[in-house]
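Per-entry structural report
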Amino acid sequence: MPVRLRGQAKPVTIDQVAERSGVSKTTVSRYLNGRYDALSEETRMRIREVIKELNYRPNRIAQSLKARNSRMLGCLVSDIGSPFSALIVKGINSVCEQAGYQLLLMDSGDDPQRERMGIQELLENQVDGLIVNTTGENDSYLLSLHEQGVPLVLADRCLSKSGKLDTVTTENYHSTYNCISLLHEYGYQRVGFFTQGNAHVTPRLLRFQGYQDALQQLFGQQGEAFSFDLEDEADCLRVLHDFCNRYPGERLAAFAVNGMTLLSLLRGVHTAGIPIGEQFGVCGFDAWGWENLITPGITTIAQDSKRIGQRAAEILLERIAGKGAEPPIYEQLTSQLQIRGSTIKAVGNDGCCNQ
């Protein structure tokens, strides 16, 4: 049943929200289900304010809040096939086991609509709270859940404007800046930023900003993003050759935005027959145990992905228990630059990428 207002004999209904907002019941329903395509920003803001004013709770959320003894947490990740997501889930589950909670897991496939549907399904299963590795395209929806009292923590990816929801992430900007600074110190002349697309994903955007600033301040150059489909090796080879052909004879380095991109990039470099190290450096985010196995060893920025999951779960359980800091927590975990043979100081001037 919908939650009652203090002093009211009857619960607030969706019809009352619609009437107070000056819109139809269907429009309110679209808002509650995160279907914002047909709603103007003004309409969304008006409905949000009325919901807050009337203290209205949709049935599924009221049920979730009422069933605080369900001992279940909901987790939605953006890509279950990624080792990064697996490590986050492992961290969350370790905390759940210690606290006597079960974990319900959903995968959005980096699709914003699937993300909303997944969250709704988790709420309908009456989870006590949510940990979301968001696509970055549902900020308003996530904020509306928070405003309606759903305990919610973001793992790795924050909102476009941080500080509004509890978030645990990696320090992305300076980690990237420092890695690009190393490449400058080692004498590389050009650095490309390789990604599967930054879109609305905040860690990728912060890393790209750190890269751009380092390029401008240290190299006196404008940064370039080379985007490719991780599942298409031909596309990877295309962007690799594009990068190499732009700067013949120069010492080049490729920075990969994350571990999945780094693996795909290394496959492309191997197929193209490009020697790694002196004339073509390779580095990037994530250390998953294979970086020492690939000759000559890959320079990586190691982030503690499992710890991100653990901290997100710890903060969520504090919120469920009514504890924790009053303002939203924004926690950045440190990372470590691990230097290996894929980035070395200049010892010659031979060209690269002439395959």
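Rules and cut-offs
- Residues numbered from 1 in each chain as written.
- Predicted model: local features only at pLDDT ≥ 70, side-chain atom pairs only at ≥ 80, totals over all residues.
- Heavy atoms only, no water.
- Core = buried A, V, L, I, M, F, W, Y, C linked by side-chain atoms within 4.5 Å.
- Buried < 20%, exposed > 50% of the residue type's maximum accessible area, 1.4 Å probe, protein only.
- Helix = DSSP H or I, 4+ residues; strand = E, 2+ residues; numbered from the N terminus.
- 1 Å grid on protein atoms, 1.4 Å probe; cavity = no way out; pocket = protein on both sides within 12 Å on 5 of 7 lines; lining within 4 Å.
- Points joined across faces, edges and corners; volume = space filled by probe spheres on them.
- Nonpolar A, V, L, I, M, F, W, Y, C, P; charged D, E, K, R; others polar.
- Polar contact = N/O pair within 3.5 Å; in protein donor to acceptor, adjacent residues only side chain to side chain.
- Contact = heavy atoms within 4.5 Å.
- Pairing = 2+ DSSP bridges.
- Axes fitted to C-alpha atoms, helices over the stretch in contact; angles between N-to-C directions.

Moving on: the nonpolar core. Counting 49 residues, the largest nonpolar core has Leu73, Ile92, Phe194, Leu265 and Phe280 as its most contacted members. At the level of secondary structure, the elements contributing two or more residues to this core comprise strand S1 (72-77), helix H5 (83-99), strand S4 (152-155), helix H10 (233-246), strand S8 (252-256), helix H11 (259-272), strand S9 (280-285) and helix H12 (305-320). The element contributing the most residues to this core is H12, with seven residues.

In this model, the largest pocket occupies a volume close to 450 Å³. Lining the largest pocket are 23 residues, and of these Asp79, Arg157, Gln196, Arg204 and Asn258 sit closest to its centre. Broken down by secondary-structure element, the contributors of at least two residues to the lining of the largest pocket are H5, helix H9 (202-219) and H11. Ranked by residues supplied to the lining of the largest pocket, first place goes to H9 with three residues. Across the lining of the largest pocket, the residue classes break down as six nonpolar, eight polar and nine charged.

What follows is about the side chain of Asn172. Among the secondary structure elements, Asn172 is positioned in the loop between strand S5 (166-170) and helix H8 (173-185). Among the polar contacts made by the side chain of Asn172, one reaches the main-chain carbonyl oxygen of Thr170 at a distance of 2.8 Å. A polar contact of 2.8 Å, which involves the side chain of Asn172, links it to the side chain of Arg207. Excluding residues within four positions of it along the chain, Asn172 makes contact with Pro203, Leu206, Arg207, Phe285 and Gln332.

A separate point is the sheet that holds strand S10 (residues 299-303). If you walk across this open sheet you meet the six strands as S7-S6-S8-S9-S10-S12, and the pairing is mixed. Of all strands in the sheet, those with a lone pairing partner are strand S7 (225-227) and strand S12 (335-338), marking the two edges. In this sheet, neighbouring strand axes are inclined to one another by 20° on average, regardless of whether the strands run parallel or antiparallel. Sheet topology note: the S10/S12 ladder contains four bridges and is antiparallel. Directly across from Thr300, in S12, lies its bridge partner Gln338. Its contacts with the sheet place H9 against strand S6 (190-195), S7, S9 and S10, and it is angled at close to 170° to S6. Lying on the sheet, H11 is in contact with S6, S8, S9 and S10; it crosses S9 at an angle near 160°.

Spatially, the six strands line up as an open sheet ordered S2-S1-S3-S4-S5-S11, and their pairing is parallel. Edge positions in the open sheet fall to strand S2 (102-107) and strand S11 (330-333), since each of these has one partner strand only. Across the sheet, the mean angle from the axis of one strand to that of its neighbour is 20°, orientation sign disregarded. Both S4 and S5 contribute to a ladder of three bridges, which runs parallel. Looking at S5, one finds that Leu154 is bridged to Thr167.

The analysis is restricted to geometry; functional conclusions fall outside its scope.
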